[in-house]
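Chain by chain, the residues run as shown.
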Amino acid sequence: MLKIYNTLSRTKEEFKPLDEKCVRMYSCGPTVYNYAHIGNMRTYVFMDIFRRILKYDGYKIKGVMNITDVGHLLSDGDDGEDKMEKASREQKKTPMEIAEFYTKVFFEDLAKLNIGRPEIIAKATDHIEDMEKYVQALVEKGYGYEIDDGIYFDISKFPEYGKLSRLNLEDQQAGARVEVNSQKKGPYDFALWKKAEPNHIMQWPSPWGMGYPGWHIECSTMSRKYLGDVFDIHTGGVDHIPVHHENEIAQSEALVGKKTVNYWVHGEFMLVNNGKMSKSLGNTYTISQLNDMGYAPVIFRYFCLNAHYRKKLNFTFDGMDAAKVSYARLLSSLYQHKMSQQATAPEVIEKYKKDFEDAINDDLNVPLALGVLWSMLKEPKSKDIFNLALEFDKVLGLNLKDAKEDLAEANKDIPEDILALAEERLQAKKNKDYAKADALRNEVKEKGYSILDSKDGYKVVKD
Ligand code: AMP
Ligand code: ZN
């Protein structure tokens with residue numbers, strides 16, 4: 001039985017889907033105005049792990065992810081320029097070109113990280129009419145009101161506002177941290193729809209003149225459209241708890257008249273050198289940049305999986321180097337199991353399987369599940385263990401079928417001069433100088449060693 005930590009109740013709860021067979025899940029997707037950075041990617045690795053565990057547990061999933069290509073302002077609230085418009089101005093491209101380019105790169109990055117694509121990808125600009133209808137319905141129900149610059153949600157009509165982040169509005173209002181728009185009825189009222197200035201690039205006709213949707217209404221509209229009034233799971237990063245998801249709850253529950261999401265699940269942040277990741281600090285690495293620096297995407301995935309999704313994860317290159325070494329060891333140990341002809345007692349296999357399943361079903365405890373994998377690899381070499389590891393990899397997504405020998409490790413006790421000859425032979429072979437290659441092989445043989453070729457290089461063994 002899967003248990004999952006629900007941000008709403010602040011407790012681990014038993015997971016019971018509305019429909020026993022198919023889990024309905026919504027995940028906040030990227031705002032496609034720039035390259036997604038490794039922090040964003042950590043959140044999608046978490047989403048992927050969650051989806052894989054549900055599938056491992058036998059569920060089908062109807063997952064929706066939005067692509068935000070309008071309405072996300074620089075502040076996450078109602079202030080600042082639209083991120084898409086800013087990028088469009090700076091890069092001298094239309095917002096649509098910007099969105100297309102970064103959406104494509106985003107999905108390429110997901111694929112490199114073995115992150116499965118949710119079943120439905122919903123682009124905000126394809127749903128403008130749906131959003132307008134949603135806003136109109138809120139206005140008709142008395143939750144929305146019009147002022148000069150847009151339509152706003154009246155949070156005084158929704159007393160439960162703040163329940164996800166346990167925000168105490170009275171304390172906050174006393175602190176007056178929220179900029180007050182003089183026409184707004186309350187400082188926490190937020191925009192459902194914004195009226196556009198004539199020079200605003202993205203604008204659509206609406207009952208309130210030309211304008212564009214607020215960011216939060218996108219998720220309420222698209223989740224309801226594809227998943228219905230009430231669905232099982234909503235995911236996102238922890239930064240979304242206080243504004244974006246609080247506003248989503250207000251809109252959705254106001255419209256539908258009841259609780260619309262049963263489990264709110266949030267992934268913690270990735271830090272860089274224990275601090276914030278930001279463009280101005282130059283530490284917002286992308287998956288491609290890491291790859292160019294010698295860290296394959298799977299290493300980043302492995303790095304992420306070593307921390308629980310509800311713990312902050314500090315990104316450092318030392319950490320990545322350690323992940324690289326550890327991952328090579330993992331593959332090399334698996335390789336020895338793969339090559340073995342021995343079997344393991346079924347009860348031993350069952351025990352590891354159960355331990356693994358208990359770990360993943362305890363609030364997606366993947367670090368603990370990796371611990372089970374490592375313990376299992378210490379057992380006497382056996383093909384059964386390799387096969388069970390492949391089963392685990394349905395959840396881990398670490399390309400474990402690529403198990404291969406760690407040649408550097410295998411060759412570590414071979415004298416330097418012998419390795420130099422073996423290396424020279426490999427080069428001769430690459431240059432198709434087979435006579436030289438054979439001569440070098442014989443020379444090594446005379447010194448008492450044999451060269452064993454493999455697809456990744458060679459291993460030298462003492463005769
Ligand atoms: P955005 O494109 O800004 O809407 O962000 C996409 C996703 O990445 C959201 O779910 C954010 O919560 C998440 N996110 C942003 N920064 C980080 C970070 N440093 N660590 C983890 N997740 C992040
Ligand atoms: Zn969202």
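Just so it is clear, the model here is predicted, and its values are computed rather than measured.

Caption draft 1: Representation of helix α4 (residues 128-140) in the model. Along its 13 residues, α4 runs 18 Å from first to last C-alpha, staying within 8% of the 18 Å computed at 1.5 Å per residue. Of the positions making up α4, those classed as buried are Ile128, Met131, Glu132, Tyr134, Val135 and Leu138. The buried residues of α4 all sit within an arc of 160° when viewed along its axis, so they share a single face. For α4, the exposed residues set more than 90 degrees away from the buried face come down to Glu129, Lys133 and Glu140. Looking at the buried residues of α4, the elements they touch are β6 (144-147), β7 (150-153), β8 (190-195), β9 (211-213), α6 (215-227) and α7 (241-256). Phi turns positive one or two residues past the end of α4, at Gly142, with a value near 90°.

Caption draft 2: The arrangement of the pattern of salt bridges in detail. Inspection of the entire model under this criterion finds 27 salt bridges. For Lys112, the salt bridge identified is with Asp109, shortest N-O distance 3.8 Å. With Lys112 and Asp109 both in helix α3 (residues 95-112) and three residues apart, this pair spans about one turn of that helix. Relative accessible area serves as the criterion here: at 39%, Lys112 is assigned to the partly exposed category. Judged by relative accessible area, Asp109 falls into the buried class, the value being 3%.

The rules behind these values
- Residues numbered from 1 in each chain as written.
- Chains lettered and ligands numbered in written order.
- Predicted model: local features only at pLDDT ≥ 70, side-chain atom pairs only at ≥ 80, totals over all residues.
- Heavy atoms only, no water.
- Helix = DSSP H or I, 4+ residues; strand = E, 2+ residues; numbered from the N terminus.
- Expected span 1.5 Å × (residues − 1).
- Buried < 20%, exposed > 50% of the residue type's maximum accessible area, 1.4 Å probe, protein only.
- Arc of directions from axis to C-beta.
- Contact = heavy atoms within 4.5 Å.
- Salt bridge = Lys/Arg side-chain N within 4 Å of Asp/Glu carboxyl O.

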